[in-house]
Amino acid sequence: MIKNTVLAAALLCSALPAVATDDYTIELYEIYCSACHGVGVSGAPTAFSDEWRDRVNQGMDTLVSHAINGIGNMPAMGTCVECTEDDIRDIIQYMAKEK
Ligand code: HEC
């Protein structure tokens with residue numbers, strides 16, 4: 001039930017990009033992705049920086065598929081075993097935003 005609510009919130013967020021990222025996405029980012037993307041470990045693009053610009057230009061679908069399948073030193077699913085494809089997409093949208 002909680003999961004459904006979170007999913008609905010995530011869908012709502014992707015439909016309305018101006019809405020702040022939901023807590024579940026931020027939590028997943030903190031647990032699974034920030035270890036590498038928070039500081040740019042072994043060539044990982046640093047979250048919330050312009051290092052994402054060229055990558056975002058590849059298109060969101062390409063980024064999502066690279067994150068799911070892994071690329072270079074980026075492990076498949078970013079080690080997030082519980083993430084769905086939509087979760088991965090939400091996290092990328094969150095951390096690829098420049099602050
Ligand atoms: C063990 C370190 C590590 C973890 C954990 C990690 N990443 Fe990465 N990630 C990388 C590295 C290194 C790259 C750069 C890969 C390259 O381009 O060679 C990368 C690149 C990416 C890219 C860009 C792919 C592209 O096509 O340019 C995306 C998107 C991404 N990561 C998403 C995530 C998400 C989402 C998570 C958490 C669920 C995550 N990563 C967790 C190391 C990590």
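For the structure, check the block above.
Residues numbered from 1 in each chain as written. Predicted model: local features only at pLDDT ≥ 70, side-chain atom pairs only at ≥ 80, totals over all residues.

(A) Representation of the overall build of the protein within the structure. Helix and strand content of the protein: five helices and zero strands. When the elements of the protein are put in sequence order from the N terminus, they spell out α-α-α-α-α. Counting all 99 residues of the protein, 19% fall into the buried class. For the protein, contacts bridging at least 24 residues in sequence account for 55% of all contacts bridging at least 6. (Helix = DSSP H or I, 4+ residues; strand = E, 2+ residues; numbered from the N terminus. Buried ≥ 20, exposed ≤ 12 C-beta atoms within 10 Å, placed from the backbone. Contact = placed C-beta atoms within 7 Å.)

(B) Quick look at unusual backbone geometry. The phi angle at Met 77 is positive, at roughly 60 degrees, despite the residue not being glycine. Mapped onto the secondary structure, Met 77 falls in the loop between α4 (60-69) and α5 (85-95). Of note in this structure, Thr 79 is not a glycine but carries a positive phi near 70 degrees. By secondary structure assignment, the location of Thr 79 is in the loop between α4 and α5.

(C) Structural view of the environment of Cys 80. Relative to the elements of secondary structure, Cys 80 occurs in the loop between α4 and α5. Look at Cys 80 and you get partly exposed, because 19 C-beta atoms sit within 10 Å. Along the backbone, Cys 80 and Cys 33 are 47 residues apart, and their C-alpha atoms lie at a distance of 8.2 Å. Sequence-distant contacts of Cys 80, defined by excluding residues within four places in its chain, comprise Leu 28 and Tyr 32.

(D) A look at the site of the ligand. Taken together, 28 residues lie around the ligand, and Cys 33, Cys 36, Gly 72, Met 74 and Gly 78 are the ones closest in. Taken together, the elements giving at least two residues each to the shell around the ligand come down to α2 (23-37), α4 and α5. Top element by residues in the shell around the ligand is α2. It accounts for five residues. For the shell around the ligand, the class distribution of residues is 17 nonpolar, ten polar and one charged. (Near = placed C-beta within 6 Å. Nonpolar A, V, L, I, M, F, W, Y, C, P; charged D, E, K, R; others polar.)

(E) Inspection of the packing of α2 against α5 at higher detail. Where α2 contacts α5, the two axes come as close as 10 Å, and the packing angle between them is 70 degrees. Taken as axis vectors, α2 and α5 run roughly perpendicular relative to one another. The handedness of the crossing between α2 and α5 comes out as right-handed. Listed contacts from α5 to Thr 25, Ile 26, Leu 28, Tyr 29, Cys 33 and His 37 of α2 are Asp 87, Asp 90, Ile 91, Tyr 94 and Met 95. Partitioned by chemical class, the residues of the contact of α2 with α5 number seven nonpolar, two polar and two charged. (Axes fitted to C-alpha atoms, helices over the stretch in contact; angles between N-to-C directions. Parallel < 35°, antiparallel > 145°, perpendicular 65-115°, else oblique. Left-handed = near helix turned anticlockwise from the far one by under 90°.)

Geometric values such as these leave the question of function open.
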